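What follows is the residue order along each chain.
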Amino acid sequence: MPFVIKNLEKAHLAPLRICETQDVIALCKIAFDYLSNGPVPQETFYQALSAKYNQQIQSHEVQQIVEALISILIEATKSNTDINGVKEPLMKLEGFKEDVTDILAQFVTSKKRFIEGSIKTANIRAYRLVNMEWRLEVRLASRALMKQSQVFVTMKLYLHTEPKNENRDLLEDLPDRAVEIHDDERRNRKDLLVQTDLNSLKYMIQSLEEALMESRSRRIRNIVAAIH
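Residues numbered from 1 in each chain as written. Predicted model: local features only at pLDDT ≥ 70, side-chain atom pairs only at ≥ 80, totals over all residues. Heavy atoms only, no water.

As annotated in an unreviewed UniProt entry, the protein carries the name COMM domain-containing protein and is attributed to Stomoxys calcitrans.

Written out as structure tokens, the structure reads:
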């Protein structure tokens, strides 16, 4: 399958026509850092780059450039394209300087192995939560603490790599069978015991909600669509 740059990606990459080479390199580094470490706020850099070019490039357009770089990197990896196959559509971008084209081609081809490894990792089934038990524990008094009460939440999480409906026995209260776990099930199953205070639990819930909202964003949907 030949590597093709989509019209939306071309539109998002268009501001690179006026960018200096060091700024193009910086944008490539930010795109790779996003893939390596997840979304890290870069609004300060986006605004600084926009100001450098006298607002000819808006800060949200700088972010779109980063997203387009990620997209073409994934597409090139899926296409298994060599550097010549990457260069050909890049050279057809109107108004792009040769050195910018060379930087983009080098970025795409040099990071392909990382994307290949990430795609393989994404195909590994992650643990799913199939059941959870919890209890509220309150310490009413302690000689070691000035505060006379502490509240804890203790949770036991039952995780499995198989879908929930294929492991209904994990949800049943059958203590006599608890020790009768087959080797293949033991490899796919993990039980975790977690204890936390209410403030930490609130922070965990907030972080999970933020991650859920981020997963629904257009940026993440585009990346997931490109991978799959």
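A. Quick look at the overall build of the protein. Within the protein, the regular secondary structure consists of 10 helices and three strands. Reading the protein from its N end, one meets helices and strands in the order α-α-α-α-α-α-α-β-β-α-β-α-α. In the protein, buried positions account for 32% of the 228 residues. Expressed as a percentage of contacts within the protein between residues at least 6 apart in sequence, the contacts between residues at least 24 apart total 73%. Working note: accessible area of the protein is about 15200 Å², and carbon and sulfur atoms make up 53% of it. (Helix = DSSP H or I, 4+ residues; strand = E, 2+ residues; numbered from the N terminus. Buried < 20%, exposed > 50% of the residue type's maximum accessible area, 1.4 Å probe, protein only. Contact = heavy atoms within 4.5 Å. Areas by Shrake-Rupley, 256 points an atom, 1.4 Å probe, with all protein chains shown as cover.)

B. Structural detail: the sheet that holds strand E2 (residues 150–160). Here we have three strands laid out as an open sheet, ordered E1-E2-E3, and antiparallel in their pairing. Where the open sheet ends on each side, the last strands, each with one partner, are strand E1 (128–139) and strand E3 (189–197). Strand-to-strand twist of the sheet, defined as the mean angle between neighbouring strand axes without regard to direction, takes the value 15 degrees. Against the sheet, helix H9 (residues 198–215) contacts E2 and E3, and its axis sits at roughly 125 degrees relative to E3. (Pairing = 2+ DSSP bridges. Axes fitted to C-alpha atoms, helices over the stretch in contact; angles between N-to-C directions.)

C. Molecular detail of the packing of helix H3 (residues 43–52) against helix H4 (residues 59–79). Two elements in contact, H3 and H4, have axes whose closest approach is 8 Å; the angle formed by their N-to-C orientations is 115 degrees. On the basis of their axis angle, the class for H3 and H4 is roughly perpendicular. Both H3 and H4 take part in a crossing whose hand is right-handed. Between H3 and H4, the residues in contact are Glu 43, Phe 45, Tyr 46, Gln 47, Leu 49 and Ser 50 and Ser 59, Val 62, Gln 63 and Val 66, respectively. Grouping the amino acids of the contact of H3 with H4 by side-chain chemistry returns five nonpolar, four polar and one charged. (Parallel < 35°, antiparallel > 145°, perpendicular 65-115°, else oblique. Left-handed = near helix turned anticlockwise from the far one by under 90°. Nonpolar A, V, L, I, M, F, W, Y, C, P; charged D, E, K, R; others polar.)

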